Amino acid sequence: MRYSIIIPAYNEEKRIGKLLQSLSDPQAEFIFVCDGTDRTPEVIQEFSSGHPDLAVRCLKYSHRLGKGGGVYEGFRAANAPLIGFMDADNSTEYSEMIRLINQIGDNAGIIGSRHMPESTIEIHQPLSRRFQSRAFNLIIRLLFGLQFYDTQCGAKVFRKDAVDRVLPDLRAKGFEFDVELLWHLRRAGLQVLEVPVVWNDTGDSRLQTSDAFSMFSTLLRLRLGIGAHD
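The rules behind the values
Residues numbered from 1 in each chain as written. Predicted model: local features only at pLDDT ≥ 70, side-chain atom pairs only at ≥ 80, totals over all residues. Heavy atoms only, no water. Helix = DSSP H or I, 4+ residues; strand = E, 2+ residues; numbered from the N terminus. Rg over C-alpha atoms; globule rule 2.2 N^0.38 Å. Buried < 20%, exposed > 50% of the residue type's maximum accessible area, 1.4 Å probe, protein only. Contact = heavy atoms within 4.5 Å. Areas by Shrake-Rupley, 256 points an atom, 1.4 Å probe, with all protein chains shown as cover. Lys, Arg positive; Asp, Glu negative; His and termini not counted. Charge placed at Lys NZ, Arg CZ, Asp CG, Glu CD. Pairing = 2+ DSSP bridges. Axes fitted to C-alpha atoms, helices over the stretch in contact; angles between N-to-C directions.

Participant: Lay out the overall build of the chain in plain terms, naming residues and giving numbers.
Facilitator: Along the chain, the regular secondary structure elements total 8 helices and 9 strands. Its C-alpha radius of gyration of 17 Å places the chain within 12% of the 17 Å reference for a compact globule of 230 residues. Judged by the C-alpha coordinates and their principal axes, the chain covers about 50 × 35 × 35 Å. With 230 residues in all, the chain has 53% of them scored as buried. Once local pairs closer than 6 in sequence are excluded, the contacts in the chain between residues at least 24 apart make up 79%. Of the roughly 10800 Å² that the chain leaves accessible, carbon and sulfur atoms contribute 51%. Separation of charge centres in the chain, based on 27 positive and 29 negative side chains, amounts to 5 Å.

Participant: Help me get a handle on the pairing of strand β7 (residues 155–159), residues and values and all.
Facilitator: For β7, the buried fraction is high: 4 of the 5 residues fall into the buried class. With 5 bridges joining them, strand β4 (residues 82–86) and β7 adopt antiparallel strand pairing. When the bridges of β7 are listed, G84 appears paired with V157. Pairing geometry for strand β5 (residues 109–113) and β7, over 3 bridges, is antiparallel.

Participant: Which residues make up the sheet that holds β5, and what values do they have?
Facilitator: Spatial ordering of the open sheet is given by β3-β2-β1-β4-β7-β5-β8, a layout of 7 strands whose pairing is mixed. In this open sheet, the two strands that pair with only one neighbour each are β3 (55–60) and β8 (192–196). Sheet twist, expressed as the average angle between the axes of neighbouring strands with direction ignored, equals 20 degrees. Together, β1 (3–8), β2 (28–34), β3, β4 and β7 form the strand contacts of helix α3 (residues 67–77), whose direction differs from that of β1 by roughly 155 degrees. Taken strand by strand, helix α4 (residues 94–103) contacts β1, β2, β4, β5, β7 and β8, and its axis lies near 35 degrees from that of β7.

By themselves, these figures tell us nothing about what the structure is for.
Pasting the structure below:
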């Protein structure tokens, strides 16, 4: 396999079809991590059965993993030299993931950004959500010194050897996982490139206000060396 793409898929049966239909590379490995209660695994299996030329895997869990926990399990299962992850809502399309893979160069990783001047936002988030995103990014810069425009965009690709180097240190299981991963990569002296992407708001974000408070608490604990929630 040339690359592995991980897609956390928590109760995504109603909107995962668009993403599935866009998958096309027989040299790729697509790993869906399902930890919900709806028919998402069955939808994925039906697609996989109808496309035997594609390597589609569905990891099923009976308990909630969280976004970060799902990506973590996908990292452990991935086999290719390049490992990426994206959101199941297709806000950043599979074609953008291919572009990241082709642009990674000699970097340990490459991440997409919604907030760079060259980024293309075809359907914007509500103003309140955009404000929260910018405020969160400012907090991340202050706490962790990560000088990225956008740590939370659901489009990232890394070299497997870089991920394997920091995977034992990762503790976060929620939406803050991206920040911890980027922080540990930087602490290991590894270079991560940020590039603009085409992005669309899907109007059904899994991130709620309560999650934002939990993210901040977990990140503060991580920064102070206290550790993250299990």
